[in-house]
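Structure at a glance
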Amino acid sequence: MLRRPEYLKALVFCGLIGVPVALIAFWFLVTLDQLERLIWTDWPKDLGWTQAPWWWAFPLLLLAGLVVGLVVSRFPGRGGHIPAGGLHSGGAAKESLPGVLVAALVGLPLGAVLGPEAPLIALGGGLALLFASFVRAPQTEAGTALLGAAGAAAAISALFGNPLMGAVLLMEVAGVGGPQLFAVMLPVLLASGVGDLVFTGFVHWTGLHTGSLDIGLPKPPPLDWADILWVLLIAPALAFLIHWILVGGRFTAGFVTSWTVRNTTLCALGVAGCIALYAVSTGRSPAEAALSGENALADLAQNATAWSVGALVAVLVFKGLAYSLCLGSLRGGPVFPALFLGGAAGALLAPLPGFGLVPAMAAGMAASVTAALRLPVSGALLVVLLLGNVDTVALVVLAAVVSFAVTQLLPQGPGIPAFSGPSAGRAPRRGSSPP
């Protein structure tokens, strides 16, 4: 197949398409970041507050609910996939690009508890197909799928800053290999994680060495049995929590099945209420309970002691509720809020005997993001890249595998409403199976 002229042409085109897609993805992410800082940091300070007041989210999310509701009701593509259904690689179309852009650029910076990864996947795939139509590339089913996946991978790599992350994520999202992929990959992933744990422990016990790829970077304290035992307890609990947040998102999607502006706006105002309750109960910035949590996660990791136990509990409760509402009503991705909730849970549980902040946050983030995505390899790889060290890889893999197994055994809740066509008045079909 590698020698076929059609495949070589597609390969060259996919390489070329990565350039404009990555540039557009870059400016898309820059725009989101600048809008978030302007709305949640600069404007409150310009108006005389040290931080956004507790009620700040209400007018913002009222506007977000109205705009996203109109996009979902009127625009082709309905603004993108319902986030409660997880990430999707298929279905990208150039006609859906305006709706995806408007829903993301309005909803995300105004306080939606969702990330930019799902809009980026849709934008990357849609842009690749748009550029293909400009050069009049042949429109075959296989070619369209290949170009869409390549464009989505280029866009998502710009977000995560790593081409391997984009490739692995799109492979799992696309379901290459079908159910058999997970049937083979899960035991292999578990065996590799357990093997690494045993090897690391045996080296530590004997004091002997077999050679190492270590280049001398500072290390956290070595892993011990307490870390493993706590991970085996924490990972199922977080998987259970995130799973039912997603189920709540599916119920929310059912509530807004007709996709009227009223129902979407009511859900957005419910999100604003959760954010306001967090700010009132803790005295902290409402931005910590709003938005994707991408920026707040770095602050949490670097200044975990600045968060009291009450603040960590409050952010888990209120951001979790807001996340559930956003998953079913607004538009965005499920990754970063799940990462933040897992990190907050890890910071809360880090003082447990024999545990610590690094392994606790590593296990918490791996368990949470895997439960949200149902993609164990992508979840583990993403957390390893975020942590930037290899000493917690075994715990990350163990937490991801346990979380994935638990979520597969739990009741999956209602199906995600499926839509056919962009017409505003058409009722959606019910009963699609959840991922």
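A few points on the structure. (Residues numbered from 1 in each chain as written. Predicted model: local features only at pLDDT ≥ 70, side-chain atom pairs only at ≥ 80, totals over all residues. Heavy atoms only, no water.)

Right, let's get into a nonpolar patch on the surface. A cluster of nonpolar side chains, Leu47, Trp49, Trp54, Trp55, Phe58 and Val280, forms an exposed patch at the surface whose accessible area comes to about 610 Å². Secondary-structure assignment places Trp55 in the loop between helix 1 (5–46) and helix 2 (57–74). The partly exposed category is assigned to Trp55, whose relative accessible area is 34%. (Patch = residues over 30% accessible without salt bridge, like charges linked within 9 Å, V, L, I, M, F, W, Y side chains within 5 Å. Areas by Shrake-Rupley, 256 points an atom, 1.4 Å probe, with all protein chains shown as cover. Salt bridge = Lys/Arg side-chain N within 4 Å of Asp/Glu carboxyl O. Helix = DSSP H or I, 4+ residues; strand = E, 2+ residues; numbered from the N terminus. Buried < 20%, exposed > 50% of the residue type's maximum accessible area, 1.4 Å probe, protein only.)

Any aromatic ring pair is given by two values, namely how distant the centres are and how the planes are angled relative to each other. Inspection of the entire model under this criterion finds seven aromatic pairs. Taking 5.0 Å as the distance between ring centres and 80° as the angle between the ring planes, the aromatic pair formed by Phe26 and Trp27 counts as edge-to-face. The partly exposed category is assigned to Phe26, whose relative accessible area is 45%. Where Trp230 meets Phe355, the ring centres are 6.4 Å apart and the plane angle is 35°; that geometry is what we call tilted. Of the two residues, Trp230 sits in helix 8 (residues 225–255) while Phe355 sits in the loop between helix 12 (335–349) and helix 13 (357–373), which places them 125 residues apart along the sequence. With relative accessibility at 22%, the residue Trp230 sits in the partly exposed group. For Phe355, a relative accessible area of 12% gives the class buried. Three or more aromatic residues joined by ring pairs make a cluster, and in this case those are Trp49, Trp55 and Trp56. (Phe/Tyr/Trp six-rings, centres within 6.5 Å; stacked < 30°, edge-to-face > 60°.)

Next up on the list: the environment of Leu385. Among the structural elements, Leu385 can be located in helix 14 (residues 376–387). Judged by relative accessible area, Leu385 falls into the partly exposed class, the value being 35%. When the C-alpha atoms of Leu385 and Met165 are compared, they prove to be 8.6 Å apart, with 220 residues separating the residues in sequence. Leave out the neighbours within four places in its chain, and Leu385 touches Asn162 and Met165. (Contact = heavy atoms within 4.5 Å.)

Running from N to C, helix 2 and helix 9 (residues 261–282) cross one another at 150°; their axes reach a closest spacing of 8 Å. Taken together, the axes of helix 2 and helix 9 lie roughly antiparallel to each other. When the axes of helix 2 and helix 9 are compared, the crossing they make is right-handed. Within the contact between the two elements, helix 2 uses Ala57, Phe58, Leu61, Leu62, Gly65, Leu66, Val68, Gly69, Leu70 and Ser73 and helix 9 uses Val261, Thr264, Thr265, Ala268, Leu269, Val271, Ala272, Gly273, Ile275 and Ala276. (Axes fitted to C-alpha atoms, helices over the stretch in contact; angles between N-to-C directions. Parallel < 35°, antiparallel > 145°, perpendicular 65-115°, else oblique. Left-handed = near helix turned anticlockwise from the far one by under 90°.)

Mapped onto the elements, Ser329 comes out in helix 11 (residues 309–329). Engagement of the side chain of Ser329 in a polar contact is seen with the backbone oxygen of Leu325, the distance being 2.7 Å. The contacts of Ser329, once residues within four sequence positions are left out, are Val68, Thr252, Val256, Trp259, Thr264 and Cys267. (Polar contact = N/O pair within 3.5 Å; in protein donor to acceptor, adjacent residues only side chain to side chain.)

So, on to helix 9. Look at helix 9: 32 Å from first C-alpha to last across 22 residues, which is about the 32 Å you get at 1.5 Å a residue. The first or second residue beyond helix 9 is Gly283, which carries a positive phi of 75°. (Expected span 1.5 Å × (residues − 1).)

With that out of the way, let us pick up the packing of helix 2 against helix 3 (residues 97–107). Relative to each other, helix 2 and helix 3 sit at 170°, their axes nearing to 9 Å. In terms of orientation, helix 2 lies roughly antiparallel with respect to helix 3. Taking contact as the criterion, the partners of Ala64, Val67, Val68 and Val71 in helix 2 are, on helix 3, Gly99, Val102, Ala103, Val106 and Gly107. Broken down by class, the residue content of the contact of helix 2 with helix 3 amounts to seven nonpolar, two polar and no charged. (Nonpolar A, V, L, I, M, F, W, Y, C, P; charged D, E, K, R; others polar.)

Positive phi, normally seen in glycine, also occurs at Arg78, with a value near 55°. Mapped onto the secondary structure, Arg78 falls in the loop between helix 2 and helix 3. Note on Arg78: relative accessible area 4%, which makes it buried.

Turning our attention to the pattern of salt bridges. What the rule picks out here adds up to two salt bridges. The salt bridge partner of Arg37 is Asp33, with a shortest N-O separation of 3.0 Å. Residue Arg37 and its partner Asp33 are located together in helix 1, separated by four residues, close to a single helical turn. Of the residues examined, Arg37 reaches a relative accessible area of 44% and is grouped as partly exposed. We note a salt bridge from Glu288 to Arg284, for which the minimum N-O separation is 2.9 Å.

Here we take up the nonpolar core. Residues Trp40, Leu61, Phe160, Leu300, Tyr323, Val335 and Leu339 are the most contacted members of the largest nonpolar core, which totals 124 residues. It is helix 13 that contributes the most residues to this core, eleven residues altogether. With near-sequence residues (within four places) excluded, Leu339 lies in contact with Leu297, Met365, Val369, Leu382, Val383 and Leu386. (Core = buried A, V, L, I, M, F, W, Y, C linked by side-chain atoms within 4.5 Å.)

These figures capture arrangement, not role.
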